[in-house]
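# Structure at a glance
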Amino acid sequence: MSHDDASSGKRELAVPDLSLVVLIGTTGSGKSSFAARHFRPTEVLSSDACRGLVADDTNDQSASGDAFDVLHYIAGKRLAAGRLTVVDATNVQSEARKQLIDLARAHDVLPVAIVLDVPPDVCAARNAARPDRAGMGAHVIPRHQRELRRSLRSLEREGFRKVHHLRGEAEVEAAEIVYEKRYNDLRHLTGPFDIVGDIHGCRAELVTLLGRLGYAVAFDDEGRAVDAVHPEGRTAVFVGDLVDRGPDSPGVLRLVMGMVGAGHAVCVPGNHENKLGRYLAGRKVTVSHGLQETVDQLAAETPEFVAEVRRFITDLVSHYLLDGGNLVVCHAGLPEKYHGRTSGRVRSFALYGDTTGETDEYGLPVRYPWAEEYRGRALVVYGHTPTPTASFVNNTVCLDTGCVFGGRMTALRYPERELVDVPAEQVWYEPVRPLITDAPGAREGRPLALTDVAGRRIVETAQHGRVAVREENAAAALEVMSRFALDPRLLAYLPPTMAPVATSRRGGYLEHPEEAFAGYLAEGVREVVCEEKHMGSRAVVLLGRDGPALDKRFGAVPPGGGAIWTRTGRSFLDGDELTAAVLDRLRAAAVAAGLFDELDSDWLLLDAELMPWSLKALGLLRRQYAAVGAAAGAALPAALAALAQARARDAGPELAELAERQQLRHADAAAFTEAYRRYCWPVDGLEGIKLAPFQLLAAEGQNLAVRPHDQHLGWIDRLVAADPSGLLRGTGRLLVDTGDERSTAAAIQWWEELTGSGGEGMVVKPLAALVRPEGGRLVQPGVKVRGREYLRIIYGPDYTLPANLDRLRSRSLGHKRSLALREYALGLEALDRLAAGEPLWRVHEAVFAVLALESEPVDPRL
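My aim in this report is to walk through the structure given alongside it, one point at a time. (Residues numbered from 1 in each chain as written. Predicted model: local features only at pLDDT ≥ 70, side-chain atom pairs only at ≥ 80, totals over all residues. Heavy atoms only, no water.)

With that out of the way, let us pick up the overall build of the protein. The helix and strand inventory of the protein stands at 28 helices and 35 strands. Counting only residues that meet the buried cut, the protein has 53% of its 862 residues in that class. In the protein, 73% of the contacts between residues at least 6 apart in sequence involve partners at least 24 apart. Summing over all exposed atoms, the protein offers an accessible surface of approximately 37,300 Å²; the carbon and sulfur share of this is 51%. (Helix = DSSP H or I, 4+ residues; strand = E, 2+ residues; numbered from the N terminus. Buried < 20%, exposed > 50% of the residue type's maximum accessible area, 1.4 Å probe, protein only. Contact = heavy atoms within 4.5 Å. Areas by Shrake-Rupley, 256 points an atom, 1.4 Å probe, with all protein chains shown as cover.)

Dropping the structure here:
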């Protein structure tokens, strides 16, 4: 039960690191003092404290029912979160203990009892010294002692996995808690691993597969494989079902046991090992489903080998947590709530999975599709249900590809997530049913669920910590996404909003580059790139080398081998044919530029501007901008004509001033009309469409958005140069040293030339792209500096009047800047998860949050 250290006088009490510890003892036995000495305050739940919470009196026994309701509720929450929990109460009655044992079982943790068996006179003396126990009846301690005596022999039968009985004050004082790791906790092993699917006695295929994986297989004097070592120190992991059905189960066992014994592999049991173990232990089992083959084969082995097999199977642990908890290996799969837990229920699920209670046409149980609903952070690798091919479903992968049935034997290289397989040498065992195609690993499943995006959400980002999404914003995003967006499997990214430059105090300007340079210099950013801001709408482009490439990576084959979408996830162009035509030209340029080969990817994700602006904003132009220009064009000339006639009769200063103001308004209105017309031109099919890519966001296994901007612009230059059709437009740029006056002056002049010739302005970005000083906050990824005439479209024809400019300079940018940073961090998080091969729901969690934040109230003109 416990370990005594005679040399130090200490008595070690072994406690699993995740368990429910139940202190048992009469009132006054020192349970609270013991708990305070050995456990953290947050780990201890006291019945007295809970009475105080519900009744303001820790000794109010009438409140005990409510107090224990509170205690059990908190304990349940802690155990569900995987936290050690200690219950400080008398617990001398079996009914009280039963509730706690049931609670531990409900959360699949081990209950541990620590009994403080202290003499009644000591307990009475302690209570007498406590003012709050002065009213306690003399009968209480004797009653507790009687109940304790009755309980001591039954604690293990009640369900406590460990019982530590401390007799007397000396043993209580000498006790020391020693935490035990759970048997399934191998988080300290970080790999790399090669995880092998179901083998079923196919020793020859296993040896071949290990060779493909790079292992050197060792043989004994009789030519039998007894070990395999990887020269790079990789560890093999076997998901179980080593035996039955195949031609050489003893050979498989000999090799796997040798690898495990030498520390070159770990293994979890399958349901077939479990059945074989029961058979070898002399228990009654039905010899079916291939067990007879194994029994017959073992009959030719020595008794010593068979005994070794029995010990090996007995010691196997249902599942393992590996690589810091990022990897879970088991035989039949395991929902997240069972990871690292220890109970018969967990072991049963890990060995057999769960069924719906139905049977198929072959009389076999229908498996519950747990992988379709899996949302865990750990990758779960398993076998058990044969599938034609292995594939990832919601961060799970089934490696049983039916080798013994004539299929293949499959392994997963981790963390590379690379699948390696070898074919079966023949059909060794005819399956009851053909390899099914609708099992986890051979279907798309349900990629997203409402619970993935609904309600208030907290998204963890690597670059900006936790980003909160309010429930009402999530609802607004869900409305947009469900009604208008593309297939969510394709929406790997939504571009973030961009903050404007700090408001300028220069006369006649609302925005000016000097504030951008000064702002970045203050952040410690010396190197920035100024990029021409194109006169179009933001577009994200997913481009596949071909259709199968996108199907393999995203599980969807969009028309045209790619997709083009807006900032809200809607298809940008009307009609699949036009989208396909744009993608065909872009694909030809990407192939000619060698980008697919250079990035070793069959698909590319790009950030771009699609022009003209009128292509997407025609309705806005007609309803808002054109209407203003038309009204001004109709009213102001007539007003000026009337003023001219009036001034012919009266040359007073009031009419002259009024006429001058109206003349300025007329000029501003004309400038307003000219400004928005620059962003509109006729489009006929492909004719007139221009695409200006400015960043490569991602490729297979790579988040490219964190690369320096000069590398991106180099890729874009090659892409544009490789396009003979004229569809693609380059992006002008200028590198600037924010601490050099001549450099910033040249950039200001360039901006003035751009905007003076009708351009929208420029975007100033840190050249390094991602800038986050050590221990500091994320720096804005870019600020837009728009020209005077473009801002006339945004703020109205006469915004440049001094009074209007003074009013606009009080615009608040704080919320917009915060929004830009949060959305940027979410975008990077989505790309990181995409590059890491995480499941769609994890990628879409960050993408959806970007769209949700767009519902936050902010001045749309910023």
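On to helix 14 (residues 344-352). Among all positions in helix 14, only Val-346, Phe-349, Ala-350 and Leu-351 are buried. Check the buried side of helix 14 and you find it contacts helix 11 (271-280) and helix 15 (370-373).

Quick look at the nonpolar core now. Formed by 44 residues in total, the largest nonpolar core has its most connected members in Leu-542, Phe-554, Trp-565, Trp-603, Leu-605 and Leu-826. Discounting residues that sit within four places of it in the chain, Leu-826 has contacts with Val-459, Thr-461, Val-467, Ala-846, Ala-849, Val-850 and Leu-853. (Core = buried A, V, L, I, M, F, W, Y, C linked by side-chain atoms within 4.5 Å.)

This part takes up the packing of helix 27 (residues 814-835) against helix 28 (residues 840-853). One can describe the packing of helix 27 onto helix 28 by two numbers: an axis separation of 8 Å at closest approach and a directional angle of 160°. With respect to each other, helix 27 and helix 28 are oriented roughly antiparallel. Viewed along their axes, helix 27 and helix 28 form a crossing whose handedness is left-handed. Every residue of helix 28 that contacts helix 27 at Leu-819, Arg-822, Glu-823, Leu-826, Gly-827, Glu-829, Ala-830, Arg-833 and Leu-834 is listed here: Arg-842, Val-843, Glu-845, Ala-846, Val-847, Ala-849, Val-850 and Leu-853. Taken together, the residues of the contact of helix 27 with helix 28 sort by class into ten nonpolar, one polar and six charged. (Axes fitted to C-alpha atoms, helices over the stretch in contact; angles between N-to-C directions. Parallel < 35°, antiparallel > 145°, perpendicular 65-115°, else oblique. Left-handed = near helix turned anticlockwise from the far one by under 90°. Nonpolar A, V, L, I, M, F, W, Y, C, P; charged D, E, K, R; others polar.)

Okay, the sheet that holds strand 14 (residues 265-267) next. Within the open sheet, the five strands sit side by side as 14-13-10-22-23. Their pairing is mixed. For this open sheet the edge positions go to strand 14 and strand 23 (418-423), each flanked by a neighbour on one side alone. The sheet shows a mean angle of 20° between the axes of neighbouring strands, taken without regard to direction. Direction of pairing for strand 13 (residues 235-238) relative to strand 14: parallel, over a ladder of three bridges. (Pairing = 2+ DSSP bridges.)

So, on to the sheet that holds strand 35 (residues 783-786). The strand order across the open sheet built from five strands is 26-35-34-27-33, with neighbouring strands paired in mixed fashion. Single-partner strands in this sheet number two, and they are strand 26 (499-500) and strand 33 (733-737). Bridging between strand 34 (residues 761-766) and strand 35 involves four bridges; their strand directions are antiparallel. When the sheet's bridge partners are listed, Gly-761 is paired in strand 35 with Arg-786. Contacts from helix 17 (residues 513-522) reach strand 27 (527-533), strand 33, strand 34 and strand 35 within the one sheet, and its direction differs from that of strand 34 by about 5°.

Below, the discussion takes up unusual backbone geometry. Look at the link from Gly-191 to Pro-192: it is a cis peptide, with omega at 5°. Residue placement: Pro-192 occurs in the loop between strand 9 (185-186) and strand 10 (193-196). Note the cis peptide between Tyr-414 and Pro-415, where omega equals 15°. Relative to the assigned elements, Pro-415 resides in the loop between strand 22 (408-414) and strand 23. In the Ramachandran plot, Asp-323 falls in the positive-phi region, its phi being about 50° despite a non-glycine side chain. Positionally, Asp-323 belongs in the loop between strand 15 (320-322) and strand 16 (327-329).

According to the stated counting rule, one finds seven aromatic pairs in the structure shown. Ring centres 6.1 Å apart and planes at 45° place the aromatic pair Tyr-509 and Trp-751 in the tilted group. Here Tyr-509, found in the loop between strand 26 and helix 17, pairs with Trp-751, found in helix 24 (residues 741-756); they are 242 residues apart in sequence, far enough to count as distant. Here the two residues Tyr-509 and Trp-751 agree in accessibility, since each one is buried. A centroid spacing of 5.1 Å and a plane angle of 75° characterise the contact between Phe-554 and Trp-603, whose relative ring orientation is edge-to-face. A residue pair is termed long-range when its members are at least 10 positions apart, and Phe-554 in helix 18 (residues 547-554) and Trp-603 in strand 30 (residues 603-611) qualify at 49 residues. Residue classification places Phe-554 among the buried positions, given a relative accessible area of 9%. (Phe/Tyr/Trp six-rings, centres within 6.5 Å; stacked < 30°, edge-to-face > 60°.)

Our focus in this paragraph is the packing of helix 16 (residues 471-484) against helix 28. Interhelical geometry of helix 16 versus helix 28 gives an angle of 105° and a closest axis separation of 8 Å. Compared by their axis directions, helix 16 and helix 28 come out roughly perpendicular. Contact residues: Asn-473, Ala-474, Ala-477, Leu-478, Val-480 and Met-481 in helix 16; His-844, Phe-848, Leu-851 and Ala-852 in helix 28. Taken together, the residues that form the contact of helix 16 with helix 28 break down as eight nonpolar, two polar and no charged.

Looking at where Asp-185 falls in the secondary structure, it is placed in strand 9. Discounting residues that sit within four places of it in the chain, Asp-185 has contacts with Asp-17 and Leu-321.

Remember, this is a structural readout, not a statement about activity or role.
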